[in-house]
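Structure assessment
One-letter residues, chain by chain:
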Amino acid sequence: MLQSLFSRISPDSRPSVIASGFIVVILLVGTVYTLMTQGTAPLLSPNYMLQQLQTGAFLGIVAAGMMMVILLGHIDLSIPWTLTAAAMMATTVGGDLAIPTAIGVGVAVGLANGIGVAYLRIPSMIFTLGIDSVLRGLMVAHTGGFAPPDQATPLMRFLAADKVLGIPVAIFVWALVSVVIAFILKRTSFGRSVYATGNREAAAYLSGINTRWVIIGAFVISGVCAALAGVLLAGYSAKAYQGMGNAFLLPSIAAVVLGGTRILGGQGSYTGTIIGVVLIVLLNSVLSIMQMPEAGRQVIYGSVIVGMLLVYGRGQKVVS
């Protein structure tokens, strides 16, 4: 039965279908629980869903950049403090230069990561972790170890917390980033080069692709996405604070992998990444509604990730 079901779904669509199935299960479990304990079903409320997507937009933007790097078979562990440094520098500079300054931080970090991985040939896991540590030290020196007193600019607060036509602006920002990433991957030679390099870097190089610049470009996109998420998170919180990006590293990797992107690179759909982000956001929401202790939340969170990967792995096995 399972084999027959998988055989009717195209291989590229299977991760998205599986993730969507988990989303339905999470919604059903959460709805039944709230109906039994509270007599209401907030998960089915459009306003509640928009609120969850508003906060999920921060994770979605980070995951968009992370996917570009994972498609190459690399990883970007500098995300937490790239996000934090961009937010802190944006609030420090303030005014019209706040957001350009944050984006500049993301570009600089991405260039450093890309050069270290592409030219110095240092494993991305090691190099980006080192850059993350450098950024943490710089920000601690900049702030003295305390949350900076600077406030987010009105534009940052508008992008993160305000609504247009009843829809949070942060969702529109995420949608714009999604359109750009999807266009790059599907419609540009750079996107095709990312997939080719992720499949086999040596073969891509021999075919005429400048794989070093592809790697640098992917890390720059990851840095810019992390910086943009930092701008939004600072606007949502009205200020920047120490360690604000720590909660986004593992969920962003999980969202990309749960969405079907191969962790070794070369295969993945951005639609799957979006679905993976929604899955994680709803899972965290349901566990919060259930007032699950932190230990239990970690067990369930990990079990869902492992369970889906097992099902996805079975799907891949059926294909072969």
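Residues numbered from 1 in each chain as written. Predicted model: local features only at pLDDT ≥ 70, side-chain atom pairs only at ≥ 80, totals over all residues. Heavy atoms only, no water.

This part takes up the overall build of the chain. Of regular secondary structure, the chain possesses 14 helices and 2 strands. Principal axes of the C-alpha set define a box for the chain whose edges measure 55 × 55 × 40 Å. By the burial criterion, 51% of the 320 residues in the chain qualify as buried. Sequence-distant contacts, at least 24 apart, represent 77% of the contacts inside the chain between residues at least 6 apart. When the accessible surface of the chain is split by element, carbon and sulfur atoms take 68% of a total near 14,600 Å². Computed over 16 positive and 8 negative side-chain charges, the separation of the two mean positions in the chain equals 14 Å. (Helix = DSSP H or I, 4+ residues; strand = E, 2+ residues; numbered from the N terminus. Buried < 20%, exposed > 50% of the residue type's maximum accessible area, 1.4 Å probe, protein only. Contact = heavy atoms within 4.5 Å. Areas by Shrake-Rupley, 256 points an atom, 1.4 Å probe, with all protein chains shown as cover. Lys, Arg positive; Asp, Glu negative; His and termini not counted. Charge placed at Lys NZ, Arg CZ, Asp CG, Glu CD.)

The next subject is the packing of aromatic side chains. Here the structure, examined in full by the defined rule, presents 1 aromatic pair. Here F58 and Y236 contribute two aromatic rings whose centre-to-centre distance is 5.5 Å and whose plane-to-plane angle is 65°, an arrangement assigned as edge-to-face. Of the two residues, F58 is situated in helix α3 (residues 46-70) and Y236 in helix α11 (residues 211-237); the sequence distance between them amounts to 178 residues. Residue classification places F58 among the buried residues on the basis of a relative accessible area of 2%. (Phe/Tyr/Trp six-rings, centres within 6.5 Å; stacked < 30°, edge-to-face > 60°.)

In the structure, α3 departs most strongly from a straight axis at G56, where the bend amounts to approximately 40°. Among the 25 residues of α3, 18 are classified as buried, and the element is accordingly described as predominantly covered. (Bend = angle between axes of the 7 residues up to and from the residue.)

Glancing now at the packing of helix α4 (residues 79-93) against helix α6 (residues 124-143). The interhelical angle for the contact between α4 and α6, taken along N-to-C directions, is 30°, at an axis separation of 8 Å. By the angle between their directions, the pair α4 and α6 is classed as roughly parallel. The handedness of the crossing between α4 and α6 comes out as left-handed. The residues of α6 that touch α4, namely those facing I79, P80, W81, T82, A85, M88, M89 and T92, are D132, L135, R136, M139, H142 and T143. Grouping the amino acids of the contact of α4 with α6 by side-chain chemistry returns 8 nonpolar, 4 polar and 2 charged. (Axes fitted to C-alpha atoms, helices over the stretch in contact; angles between N-to-C directions. Parallel < 35°, antiparallel > 145°, perpendicular 65-115°, else oblique. Left-handed = near helix turned anticlockwise from the far one by under 90°. Nonpolar A, V, L, I, M, F, W, Y, C, P; charged D, E, K, R; others polar.)

The next thing to look at is the confidence of the model for the chain. When pLDDT is averaged across the chain, the result is 87; 90% of the residues are at 70 or more. The least confident element of the chain is helix α1 (residues 2-7), whose mean pLDDT is 52; the most confident is helix α5 (residues 98-118), at 97. Across residues 315-320, where pLDDT falls below 50, the model places 7 contacts with residues more than four positions away in sequence or in other chains. (pLDDT = per-residue confidence, 0-100.)

Where nonpolar side chains cluster on the molecular surface, the patch consists of L111, I115, Y119, L120 and W213 and spans about 500 Å² of accessible area. Within the element layout of this structure, L120 appears in the loop between α5 and α6. (Patch = residues over 30% accessible without salt bridge, like charges linked within 9 Å, V, L, I, M, F, W, Y side chains within 5 Å. Salt bridge = Lys/Arg side-chain N within 4 Å of Asp/Glu carboxyl O.)

Attention now goes to unusual backbone geometry. For L165, which is not a glycine, the phi torsion comes out positive at approximately 60°. Among the secondary structure elements, L165 is positioned in the loop between β1 (163-164) and β2 (167-168). Positive phi, close to 75°, is recorded for A238, a residue that is not glycine. Here A238 is to be found in the loop between α11 and α12 (249-258).

The final tally for this structure, using the stated rule, is 2 salt bridges. One salt bridge connects R121 with E201, and the closest N-O pair in it is separated by 3.3 Å. In this pair, R121 is assigned in the loop between α5 and α6 and E201 in helix α10 (residues 201-206), connecting sequence segments 80 residues apart. Among the salt bridges present, the one from D132 reaches R136, with a minimum N-O distance of 3.6 Å. Taken together, the residues D132 and R136, both in helix α6 and 4 residues apart, mark about one turn of the helix. For D132, a relative accessible area of 7% gives the class buried. Its relative accessible area of 36% is what places R136 among the partly exposed residues.

The next thing to look at is the environment of R200. By the element assignment, R200 lies in the loop between α9 (189-199) and α10. Classification of R200 by relative accessible area gives exposed; the value is 58%. In the structure, R200 is positioned 128 residues away from L72 in sequence and 9.0 Å away in space, judged by C-alpha atoms.

As a further point, take the packing of α9 against α11. At their nearest, the axes of α9 and α11 sit 10 Å apart, and the two run at 105° to each other. Between α9 and α11, the angle is such that the two are roughly perpendicular. Every residue of α11 that contacts α9 at F190, S193, V194 and T197 is listed here: T211, W213, V214, G217, A218 and I221. Of the residues belonging to the contact of α9 with α11, the class tally is 6 nonpolar, 4 polar and no charged.

I61, M66, M68, M156, I181, L185 and I253 are the most contacted members of the largest nonpolar core, which has 96 residues in total. Residue contributions to this core peak at 16 residues, all from α11. Ignoring any residue separated from it by four or fewer positions in sequence, one finds I181 in contact with A64, M68, I221 and Y270. (Core = buried A, V, L, I, M, F, W, Y, C linked by side-chain atoms within 4.5 Å.)

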